[in-house]
Amino acid sequence: MVDMDGLKLFNDTLGHDAGDAVIRIVARELDITTKESLAITSRVDQLAIQMTGPGDVSVTQQGNLTLSSLQMAGGDLDLTVDGDLTIDSISGTGGEVTLFVTGSVNFGATVTPAQVELITVVASGAISGRINATSLALSTDGAVTLVNSGSRPLAIESMETD
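What counts as what
- Residues numbered from 1 in each chain as written.
- Predicted model: local features only at pLDDT ≥ 70, side-chain atom pairs only at ≥ 80, totals over all residues.
- Heavy atoms only, no water.
- Helix = DSSP H or I, 4+ residues; strand = E, 2+ residues; numbered from the N terminus.
- Buried < 20%, exposed > 50% of the residue type's maximum accessible area, 1.4 Å probe, protein only.
- Contact = heavy atoms within 4.5 Å.
- Areas by Shrake-Rupley, 256 points an atom, 1.4 Å probe, with all protein chains shown as cover.
- Patch = residues over 30% accessible without salt bridge, like charges linked within 9 Å, V, L, I, M, F, W, Y side chains within 5 Å.
- Salt bridge = Lys/Arg side-chain N within 4 Å of Asp/Glu carboxyl O.
- Lys, Arg positive; Asp, Glu negative; His and termini not counted.
- Charge placed at Lys NZ, Arg CZ, Asp CG, Glu CD.
- Core = buried A, V, L, I, M, F, W, Y, C linked by side-chain atoms within 4.5 Å.

Caption draft 1: Representation of the overall build of the chain in the model. Per the secondary structure count, the chain includes two helices and 15 strands. Every one of the 162 residues in the chain was classed for burial, and the buried ones make up 37%. Put simply, of all contacts in the chain between residues at least 6 apart along the chain, 3% involve residues at least 24 apart. When the accessible surface of the chain is split by element, carbon and sulfur atoms take 49% of a total near 8600 Å².

Caption draft 2: A negative patch on the surface, seen in detail. Taken together, the side chains of D56, D78, E96 and E117 present a region of like negative charge at the surface. By the secondary structure assignment, D78 is in strand β6 (residues 77-82). Residue classification places D78 among the partly exposed residues on the basis of a relative accessible area of 35%.

Caption draft 3: Layout of the nonpolar core. Grouped together as the largest cluster of nonpolar side chains are 32 residues, with contacts concentrated most on L47, I49, L99, F107 and V121. With four residues, strand β5 (residues 65-73) is the single largest residue contributor to this core. If sequence neighbours within four positions are ignored, L99 has contacts with L79, L85, I87, V105, F107, T120, V121 and V122.

See the structure below:
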């Protein structure tokens, strides 16, 4: 649950339509810091998550999503996106990263966790960008253009393309 200070003032003075517009503007970006496991269902455009403990992160997104920053602290990441996904930054130490995306996946900047065991991507569209992982599993109907920017060897666990 999110509490917005001052929303009652918008509703009382400008009406509920204005209050609803403020909610939509605020909800375009969401920054979260937590040490526990986290499950999110969202419609935000941009999401940043900082894990300060070893919990797992599970995100179900309706619409396109930019994961602007994810700092991991040992847990796993599961992302289900109904739309396109852009991942700008993943850092820290992570377990497995699993992405289910109905559109394309773009690792916008180098994704450089200290340790990620496995990145699994299932997408309907193209998969592109720079990654740093030890294992990779892909399934897509689109093109795959990935560069492993890490110093560790990358093992391809599976790759399915149509």
